[in-house]
Amino acid sequence: QQQVKQSPQSLIVQKGGISIINCAYENTAFDYFPWYQQFPGKGPALLIAIRPDVSEKKEGRFTISFNKSAKQFSLHIMDSQPGDSATYFCAATYDYKLSFGAGTTVTVRA
Amino acid sequence: DVKVTQSSRYLVKRTGEKVFLECVQDMDHENMFWYRQDPGLGLRLIYFSYDVKMKEKGDIPEGYSVSREKKERFSLILESASTNQTSMYLCASSPPQGGGEQFFGPGTRLTVL
């Protein structure tokens, strides 16, 4: 049973558009919420992360929005570029163990 | 840069064979992890280790075992490979106070025939 539920499974966006990926969790003990980006043939790499005492974190074109009461968080990719085409995983941490969502494959069309 | 290397990128084995997957990290990290990645399921934790000779079961340990004799090396063992263990296997490491960031290797694509 997946502790972190992620949607959509895949999305296609035009270059310059906004990609939005949503995640939800149940375990209120989670204390760190990272997003990982994975390109074909590579292992996942940390993209951006947030702690539950913060409602939003922005790094360049990537923003995490966090809603603690709803137990939901999302990744927004602004001005999407073809180089952003990858699989994105949300995750949640408790006691240094990560629970991953199922992943979202993002395709950015030029 | 943290580097996590895995012994093979692709591996093909027969049902019933004993399979060893090796992982080495060069950043003196205490914590090491083995995951399997399957489409639609994301990454699932098989085993992890927070110190030499220490190991703990993850979410799906059945059919697997691990060995950590040296700090930099963490091995995943399939005692008797089965077709349902065909998957991508990812190794990761992290410092003890890493706050959740784990550094991943490139993965081993294992096919069991």
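Scroll up to find the structure.
Residues numbered from 1 in each chain as written. Chains lettered and ligands numbered in written order. Predicted model: local features only at pLDDT ≥ 70, side-chain atom pairs only at ≥ 80, totals over all residues. Heavy atoms only, no water.

## Topic: the sheet that holds strand β6 (residues 56-59) of chain A
Residue and element names in this part refer to chain A. How we decide: In this description, strands pair whenever DSSP reports at least two bridges between them. Secondary structure is summarised from DSSP: a helix means a run of H or I of at least four residues, a strand means a run of E of at least two, and numbering begins at the N terminus for each. Between N-to-C directions, angles cover 0 to 180 degrees, with each direction set by a line fitted to C-alpha atoms, over the stretch in contact for helices.
The antiparallel open sheet is built from five strands, whose spatial order is β1-β3-β8-β7-β6. The open sheet has two free edges, formed respectively by β1 (4-7) and β6, since each of these has just one partner strand. Taken pair by pair, the neighbouring strands of this sheet meet at an average axis angle of 15°, ignoring direction. The sheet contact formed by strand β3 (residues 19-25) and strand β8 (residues 72-77) spans six bridges and is antiparallel.

## Details of the environment of Ala29 of chain A
All names here are of chain A. Defined as follows: Here the term buried applies to any residue with accessible area under 20% of the maximum for its type, exposed to any over 50%, and partly exposed to those in between, with areas from a 1.4 Å probe on protein chains only. Contact between two residues is taken to exist if any of their heavy atoms lie within 4.5 Å; hydrogens are not considered.
Inspection of the secondary structure assignment puts Ala29 in the loop between β3 and β4 (33-38). What makes Ala29 partly exposed here is its relative accessible area of 31%. Residues Ala29 and Gln3, 26 residues apart in the sequence, show an inter-C-alpha distance of 12 Å. With residues up to four places along the chain from it excluded, the contact list for Ala29 reads Thr93 and Tyr94.

Any functional reading would require information beyond the geometric quantities listed.
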